[in-house]
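# A structural walkthrough
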Amino acid sequence: MTFRAARHTHILIIGGGAIGTALAYQLARAGQKDILLVDKAQLTHGCTWHAAGLVGQLRGKKNLTRLMQDSVAVFDRLEHETGQAISWKKVGSLRLAGSPSRWSEIRRSMGQAKSFGVECHALSAAEAAARFPFINPAGIEGAAFIPGDGYIDPYSLTMAYARGARANGARLEQNVRVESIARDGRRAVGVVTDQGSIGCDILVNCAGLWAKQVGRMAGIDLATSVVEHQYFLTEKRLTFEAGLTTLRDPDNNFYLKPDTGSFAIGGWEDGTSGFHRGMPPPSFARELLPPNLERLERFALPAAARLPVLNEIGIQTVINGPIPVSADGEPLIGLAPGLDNFYVACGFTAGIAASGGAALALANLIMHGDAGMDLWPFDVRRFSSAQAQPRYLEKRAIEAYGAYYRIHWPLEEAQAARNLRLSPLHEPLRRAGAVFGSKAGWERPNWFAPAGVAAHDEPSFEGKPNWFGAVGAELAAIRQRAALIDQTSFAKFEIAGHGATASLQRIAANDLGGPPGKAVYTQLCNERGGIEADVTLIHAAPEHFYLVTGAGFGVRDSGWVAQQLEPGVTIREVTGSLATLNLCGPRARAILQSVSDDALSNGDFPFRCARRIDIAAANALAVRIGYVGELGYELYIPQEYAAGVYQALWDAGQAHGIANAGYRALEAARLEKGYLYWSGDISPDYNPYEAGLGFCVALDKGEFIGREALRAIRSKGVARKLCSFTIEGFAPLHGGEAIVHAGEVVASTTSAGYGHTLGRTIAFGYLPVALAVEGAFHIEAFGHSYAATRGPRCLYDARQERLHS
């Protein structure tokens, strides 16, 4: 049916909460015209109106911290700019540590704050009590104080955004309910509402509690759900100074906002309830839910232990309202997969604090195609469609909610809704002691517990985790003998059709020319030369390729490629049909040759070669490439044959000392080799020349996306370079630590870990070019300063002799 709109607007925003109105404000303030925001009820009537309004800036990633800082910058000017009072109280925030492990976590955050440019102070228990006199300091190990944090009135903030948007020409219409979305191919062309149809050039889903339904109207399943959240207001019998700071006590699972003569206290208790499987009825509006006193006690009683004054006053009001929570507790921002003009900003658990910065980033993305920073941890494309299934999603959302104030250990894994997607090797690997993690819904082995070692994670901030020795043994097998790694979770896509080669040549920075039968490692860059994806392209046959990328990047990377393909070229996911087994190590060729009649000598099957071979009684696509820096073969096997192939290789490898290895050994190997990880070491914020990947840029092959920008970058030279740093022995680095030179913070680590082969801790980080020739640095972690040496990017087999052997 042809869609005919009664009226048309350039940008149509669905949802009038803090996020939607902030977006309208940022777009209109930037000069965009013909902006219309519609809400099915009144502004703030979803969950904004009952939000607590705490504002905290420090996050675990630099760009996410910057996003929160951008919000604070908006709050600082908004009242003066619009004339609307917002009750922004910049009183700071105090975070308590009630255990040694929590103090380690907070000190890690403070180290990151230093590298991110956030003012943050470490306090003793007595100093914390001086800032918040109501607390009982018993058991407090320490505290962090961030003076730039505070709290704000959510309703007034939203009204200020709305006033600012209207003053700059945007229109906001209330009581207009969207009933369906019209699509034409890869575009959303308009909406049907209960007040008539509206055409648009750009459509934005800021629908909050109803974002999942709005996404489904456009054929997009979003990984955001809805759960219940409670807080209470005490009786107004308290006396304190107007500048009293906000308080967070995660070990007692509560937060506190000063109110007029009272405290607003909330928590993130285990076992909250989901709400309508994340899809509340459209009729739900400015409503609250009955209090659940049993759940309330889970944070109210610990709060009273920390704040004895609560035993002397009563509770005036309990607020129990629905809030959005995604599958990992972080919001969803960006261009929805499969559509070219449908943007998303939803799933905000802390939407008030994020509103100004998130709206600015999304406005930049809409207007310029660039958010101004890489927002991968918030990107809507970080989830697979399997993770948006309502029952799975509700379990994950409830867990994410309850984990909000738990200690977030390095490399922690979610536990809810596991065993969703299983490799055909899952059961034999489980029997072999595999300790599994989860990525994009896939179970995959992180490490293997040897006999006598408990097969579960026991992480640590400052010490060695319980898998440390096992991972070292797995890496030794990779380096000295041979190992098998189940990489079935790798996202795999088949690209085929007339013009496939030409299309991919235009998308990839590296040269794909020449006959089939090879693999090409390449970056996919944007017009600015930033790295949108880091992939392997396997040229399997004429006009027939496979794209292989990380399990968590499949939606993003395939979407980027699909947008650029010429008509007649198709892209199809084959992740679930092909198992992937990595056979690697110096004995890998001997093992594979013993179960195959194909010629596998270095001359017959050189590095980067890709062709089909027989293995035992099966056939597989074998590619001589890998992520560990050794002789190795990635084997792409039809799922039904994978278990048999694994067993044949395992049996053949017994004489060679073969071992199973997991993803943590893979990580250690790639750090030693200087291989990079997209979203950590490289992203759209960085170009290949800065990252030391200029060898993957074929400027002379002809036109490709980003070519002119990369040509200019190479000609001008870069301002920063990715460098490696090593610390003798073990140091507790996890990424995000401050890199110091001559007493000044000059960079932060992009990734880090221990190199078991080298006996050193390894970190990567970008240095200004002038400093990239210096050798001596320090890296700060948990209050300690570690002497670090800048070295070559490749710390292991720099001449590639083992890789090419």
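Residues numbered from 1 in each chain as written. Predicted model: local features only at pLDDT ≥ 70, side-chain atom pairs only at ≥ 80, totals over all residues. Heavy atoms only, no water.

## Things to note about unusual backbone geometry
Definition in use: Per the convention used, a helix needs a DSSP run of H or I reaching at least four residues, while a strand needs a run of E reaching at least two, with both numbered from the N terminus.
You will see that Thr 44, though not glycine, has its phi angle at about 75 degrees, which is positive. With respect to the helices, strands and loops of the structure, Thr 44 is situated in the loop between strand S2 (35-38) and strand S3 (54-55). The phi angle at Ala 616 is positive, at roughly 55 degrees, despite the residue not being glycine. Looking at the secondary structure, you find Ala 616 in the loop between strand S28 (610-615) and strand S29 (618-623).

## Concerning the packing of helix H1 (residues 18-29) against helix H2 (residues 62-82)
The line we're drawing: Lines are fitted to the C-alpha atoms to define the axes, a helix being fitted only along its stretch in contact, and any angle between axes, read from their N-to-C directions, falls within 0 to 180 degrees. Orientation categories follow fixed angle ranges, with anything under 35 degrees roughly parallel, anything over 145 roughly antiparallel, 65 to 115 roughly perpendicular, and all other angles oblique. By definition, residues are in contact when any of their heavy atoms lie within 4.5 Å. Lys, Arg, Asp and Glu make up the charged group, whereas Ala, Val, Leu, Ile, Met, Phe, Trp, Tyr, Cys and Pro make up the nonpolar group; the residues left over, Gly among them, are polar.
Contact pair H1 / H2: the axes reach a minimum separation of 14 Å and the direction vectors enclose 75 degrees. The angle between H1 and H2 places the two elements in the roughly perpendicular class. Across the interface between the two elements, Tyr 25, Gln 26 and Arg 29 from H1 touch Val 74, Arg 77, Leu 78 and Glu 81 from H2. Taken together, the residues of the contact of H1 with H2 sort by class into three nonpolar, one polar and three charged.

## Some words on the nonpolar core
Selection criterion: Side-chain atoms within 4.5 Å link the members of a nonpolar core, which is a set of buried Ala, Val, Leu, Ile, Met, Phe, Trp, Tyr and Cys residues. Three labels apply to residues, based on accessible area from a 1.4 Å probe with only protein chains included: buried if under 20% of the type maximum, exposed if over 50%, partly exposed otherwise in between.
Ile 13, Leu 23, Val 204 and Ile 366 are the most contacted members of the largest nonpolar core, which totals 53 residues. Setting aside residues no more than four positions away along its own chain, Ile 13 makes contact with Gly 20, Leu 23, Ala 24, Leu 27, Ile 35, Leu 36, Leu 37, Val 38, Val 204 and Cys 206. Counting residues in hydrophobic clusters, the runner-up holds 37 residues, among them Val 191, Ala 207, Ile 220 and Leu 332.

## Topic: helix H8 (residues 351-368)
Note the threshold: To obtain the bend at a residue, axes are fitted to the seven residues ending there and to the seven starting there, and the angle between these axes is taken.
Gly 357 marks where H8 bends most, by close to 35 degrees. Most of H8 is tucked away, with 14 of its 18 residues classed as buried. Just downstream of H8, Gly 369 is the residue with a positive phi angle, here 75 degrees.

## Digging into the pairing of S29
So the rule is basically this: Note: two strands are recorded as paired if DSSP finds a minimum of 2 bridges between them.
Among the six residues that make up S29, five are buried, leaving the element largely enclosed by the rest of the structure. Pairing of S28 with S29, which is carried by six bridges, proceeds in the antiparallel orientation. Among the inter-strand pairings, Ala 610 is bridged to a residue of S29, identified as Val 623. Hairpin connection between S28 and S29: a loop of two residues separates the two successive antiparallel strands, and Ala 616 in this loop has a positive phi of roughly 55 degrees. Bridge count between S29 and strand S30 (residues 632-638): three bridges; the pairing is antiparallel. Residue pairing across strands places Val 623 opposite Glu 634, the latter belonging to S30.

## Some words on the environment of Asn 311
Here Asn 311 lies in the loop between helix H7 (293-306) and strand S16 (315-326). We classify Asn 311 as exposed; its relative accessible area is 60%. Linking Asn 311 and Leu 301, residues ten residues apart in sequence, is a C-alpha distance of 9.4 Å.

## A word on the sheet that holds strand S6 (residues 142-146)
Ordered by their spatial adjacency, eight strands build an open sheet running S5-S6-S4-S13-S14-S15-S12-S16, and the pairing between neighbours is mixed. Looking along the sheet, the strands with just one partner apiece sit at the ends: strand S5 (121-123) and S16. Strand after strand, the sheet turns through a mean of 20 degrees between neighbouring axes, direction not considered. Bridge count between strand S13 (residues 246-249) and strand S14 (residues 254-259): three bridges; the pairing is antiparallel. What sits directly across from Leu 247, in S14, is Leu 256. Against the sheet, helix H9 (residues 390-402) engages strand S12 (224-234), strand S15 (262-267) and S16, with an angle of about 30 degrees to S12.

## So, the side chain of Arg 793
How we decide: Positive charges come from Lys and Arg, negative ones from Asp and Glu, while His and the chain ends are left out of the count. The salt bridge definition used is simple: a Lys or Arg side-chain nitrogen within 4 Å of an Asp or Glu carboxyl oxygen. Here a polar contact is taken to be a pair of N or O atoms separated by no more than 3.5 Å, where protein atoms must pair a possible hydrogen donor with a possible acceptor and residues adjacent in sequence count only if both atoms sit in side chains.
Tracing the sequence through the fold places Arg 793 in the segment after strand S37 (784-791). Within the buried set, Arg 793 has no salt-bridge partner at all; the shortest N-O distance to an opposite charge, 7.8 Å, is to Asp 681. One polar contact links the side chain of Arg 793 to the main-chain carbonyl oxygen of Gly 674, over a distance of 3.0 Å. Within the local environment of Arg 793, its side chain forms a polar contact with the backbone oxygen of Ala 691, the two atoms lying 2.4 Å apart. Contacts of Arg 793, omitting those with residues within four sequence positions, involve Lys 673, Gly 674, Leu 676, Ala 691, Gly 692, Leu 722 and Ser 724.

## As for H7
The cut-off we apply is this: The span you would expect from a helix comes to 1.5 Å times its residue count less one.
End to end, H7 covers 19 Å across 14 residues, agreeing with the expected 20 Å (1.5 Å per residue, within 8%). Bending of H7 peaks at approximately 30 degrees at the position of Phe 299, with proline Pro 302 no more than four residues after it. The set of residues buried in H7 consists of Arg 295, Leu 296, Phe 299, Ala 300, Ala 303, Ala 304 and Arg 306. Packing partners of the buried residues in H7 comprise strand S4 (93-97), S12, S13, S14, S15 and S16. N-capping of H7 is provided by Asn 292, with a side-chain oxygen placed 3.3 Å from the backbone N of Glu 294.

## Here's the deal with the side chain of Ser 115
Summarising the element assignment, Ser 115 is placed in helix H3 (residues 100-116). A polar atom in the side chain of Ser 115 sits 3.0 Å from the backbone oxygen of Gly 736.

## Regarding the packing of H2 against helix H5 (residues 154-167)
Which entries qualify depends on this criterion: Helix crossings are classified by the rotation of the near helix relative to the far one: an anticlockwise turn of less than a right angle makes the crossing left-handed, while a clockwise turn makes it right-handed.
Contact geometry of H2 with H5 gives a least axis separation of 10 Å together with a crossing angle of 60 degrees. Taken together, the axes of H2 and H5 are oblique relative to one another. Remark: the crossing between H2 and H5 carries left-handed chirality. Contact residues: H2 offers Val 74, Phe 75, Leu 78 and Thr 82, while H5 offers Leu 157, Ala 160, Tyr 161, Arg 163 and Gly 164. Classifying every residue of the contact of H2 with H5 by side-chain character gives six nonpolar, two polar and one charged.

## With respect to the pattern of salt bridges
What the rule picks out here adds up to 42 salt bridges. Put simply, Arg 406 and Asp 270 hold a salt bridge, and the shortest N to O gap is 2.4 Å. In this pair, Arg 406 is assigned in the loop between H9 and helix H10 (426-431) and Asp 270 in the loop between S15 and H7, connecting sequence segments 136 residues apart. What makes Asp 270 partly exposed here is its relative accessible area of 42%.

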